[in-house]
Structures are given as structure tokens and as C-alpha cells.
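# Notes for the structure review
Given next are the chains, with one letter for each unit.
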Amino acid sequence: MIIVTLFLEFLKIGAFSFGGGLGTLPYIYEMSRTTSWITEEYIGNILTVSQITPGPLACNIGTLVGLKVHGVVGAFVANLAFIIPAICFMGISYKILEKIKNNPKVKEVIKIVRCGALVGLVVSAVPLFKTVFVLEGNICNLKGIILFIAMYFFSKYVKVNSIFLMLISGGIGIVLGV
């Protein structure tokens, strides 16, 4: 039954993704390969929509995937499954973590987990970059590259709000056909 599979997929994502909403991307890409519910291009689209809608990124992703797979019920199930592991983990581990958080060995383990999460983010970014920088037939999307560099500059150095940059990027993309 598809709703049970959806629940189990997002339960797994919730249990094993670290590093915030972007930490879910390796599992979302894996889910796209194993279930064929969504494509890499669709992941890029839901990531964009999730960035400009309120709420935690991972929950927005769960909502959009759940809606596509099984409507409103799918969105509810995906989000419920995603948050169950966090609620259980935090409820059980809070007192323990408070006692050991300053332990040097615990700090080292956390650094190692962050390293693994970073690897997952980088691996997930490659297909996302391909959807922006490569056109059909493996042709370089020069307009997309220039737009990316410009938006990076305005974000990093001019400190323009990211939501405003996404809206401007969307407008430029429509006008230029990026």
C-alpha cells in the first residue's frame, strides 16, 4: 500500500537525516530512485518552493512529496512520519545530552557526524546543480551560470534578502528563458 511506503520512507528520512532540512536531500534523492514518485528535476522544484514558503524546509519537502504521492493525506502522513523520530530522540536523549555535551569525546563524535552530513549535502548538490547549469543534450546553460553567480554575489556581499533574490531570479528566468 502506497501510504504505508510513504510513511516508512519519511520515517527513515526523519530518523537518519542530520544537518537540518538540507540534510534530508540525500534521502530524498534515494527515495526518488527507489520509488520513482519524483524525478531529480521535481526535487529541484520542491526545493525551490520549500525555500520560499514558511516553515521548516524538511516539513515543506514532506508536504510537497506527500501531496504528489497521495494528496492531503499523503502530506499529513509524510510530515507525521518525519517528525516522529525527532520527538522520540529528543524526548529520550535531552537529559543525557545536557550532562555529556561538554565532553571532548562527544564533541568529536558530533564533528564526525557533521562531516558525514556535509558529504551528503555535497553529493545531493550535484544533481541539483545539473538541473540549473546543464540544458538538455548536456549543453552548458550560460544564462543559468551567470544568474547563479550574480545571485551569489548579491546574497554574500550586498546582503540582499534570499526571498527577494529567489523572486528576482524567477522573474529573470521567465524573461530570459533560463
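Scroll up to find the structure this text is about.
Now for a look at the structure at hand. (Residues numbered from 1 in each chain as written. Predicted model: local features only at pLDDT ≥ 70, side-chain atom pairs only at ≥ 80, totals over all residues. Heavy atoms only, no water.)

### Examining the packing of helix 5 (residues 104–133) against helix 6 (residues 142–156)
The line we're drawing: Axis geometry follows a simple rule: fit a line to the C-alpha atoms, using only the stretch in contact for helices, then measure angles between N-to-C directions, giving values from 0 to 180 degrees. Each helix corresponds to a stretch of at least 4 residues labelled H or I by DSSP, and each strand to a stretch of at least 2 residues labelled E; elements are numbered beginning at the N terminus. What makes two residues a contact is simply this: any of their non-hydrogen atoms within 4.5 Å. In this count, Pro and Cys sit with the nonpolar residues alongside Ala, Val, Leu, Ile, Met, Phe, Trp and Tyr, while Asp, Glu, Lys and Arg are called charged and the others, Gly among them, polar.
Where helix 5 meets helix 6, the closest approach of the two axes is 8 Å, and the angle between their N-to-C directions is 115°. In this structure, helix 5 contributes Phe129, Val132 and Phe133 to the contact, and helix 6 contributes Gly144, Ile145 and Phe148. Here the contact of helix 5 with helix 6 is built from residues that sort into five nonpolar, one polar and no charged.

### Structural notes on the nonpolar core
The condition that has to hold: Residue types Ala, Val, Leu, Ile, Met, Phe, Trp, Tyr and Cys, when buried and joined through side-chain atoms within 4.5 Å, form a set referred to as a nonpolar core. Residue exposure (1.4 Å probe, protein chains only): buried if accessible area is under 20% of the type maximum, exposed if over 50%, otherwise partly exposed.
Counting 23 residues, the largest nonpolar core has Leu6, Phe10, Ile28, Met31, Ile38, Ile61 and Val65 as its most contacted members. Taken together, the elements giving at least two residues each to this core come down to helix 1 (2–16), helix 2 (25–35), helix 3 (40–52) and helix 4 (57–100). Per element, the largest residue contribution to this core is 10 residues, and it comes from helix 4. Excluding residues that lie within four positions of it along the chain, Phe10 makes contacts with Ile28, Met31, Gly62, Val65, Ala78, Ala81 and Phe82.

### Overview of the environment of Ile172
Of note, Ile172 is situated in helix 7 (residues 162–176). Overall, the relative accessible area of 28% leaves Ile172 in the partly exposed class. In the structure, Ile172 is positioned 80 residues away from Ile92 in sequence and 48 Å away in space, judged by C-alpha atoms.

### Thoughts on the pattern of salt bridges
Any two side chains of opposite charge can pair, on the condition that their charged atoms come close. Put simply, the rule is: Basic side-chain nitrogens of Lys or Arg form a salt bridge, by our definition, when they fall within 4 Å of a carboxyl oxygen of Asp or Glu.
Scanning all chains against the criterion turns up three salt bridges. Measuring nitrogen to oxygen at the nearest pair gives 3.2 Å for the salt bridge that ties Glu30 to Lys12. Separated by 18 residues along the polypeptide, Glu30 in helix 2 and Lys12 in helix 1 bring together distant segments of the chain. Since its relative accessible area comes to 26%, Lys12 is described here as partly exposed. Ionic contacts of the salt-bridge type, sharing partners, join the residues Glu9, Lys12 and Glu30 into one network.

### Concerning the packing of aromatic side chains
This is how the line gets drawn: By convention, a stacked pair of Phe, Tyr or Trp rings (six-membered ring in the case of Trp) has centres within 6.5 Å and planes under 30 degrees apart, an edge-to-face pair has planes over 60 apart, and any other such pair is tilted.
Per the stated rule, a full pass over the model turns up two aromatic pairs. Relative to Phe154, the ring of Phe153 lies with its centre 5.5 Å away and its plane at 75°, an arrangement referred to as edge-to-face. According to the relative accessible area criterion, Phe154 is partly exposed, its value standing at 35%. Between Phe153 and Tyr157, the aromatic rings sit 5.7 Å apart at their centres with planes inclined by 40°, giving tilted as the arrangement.

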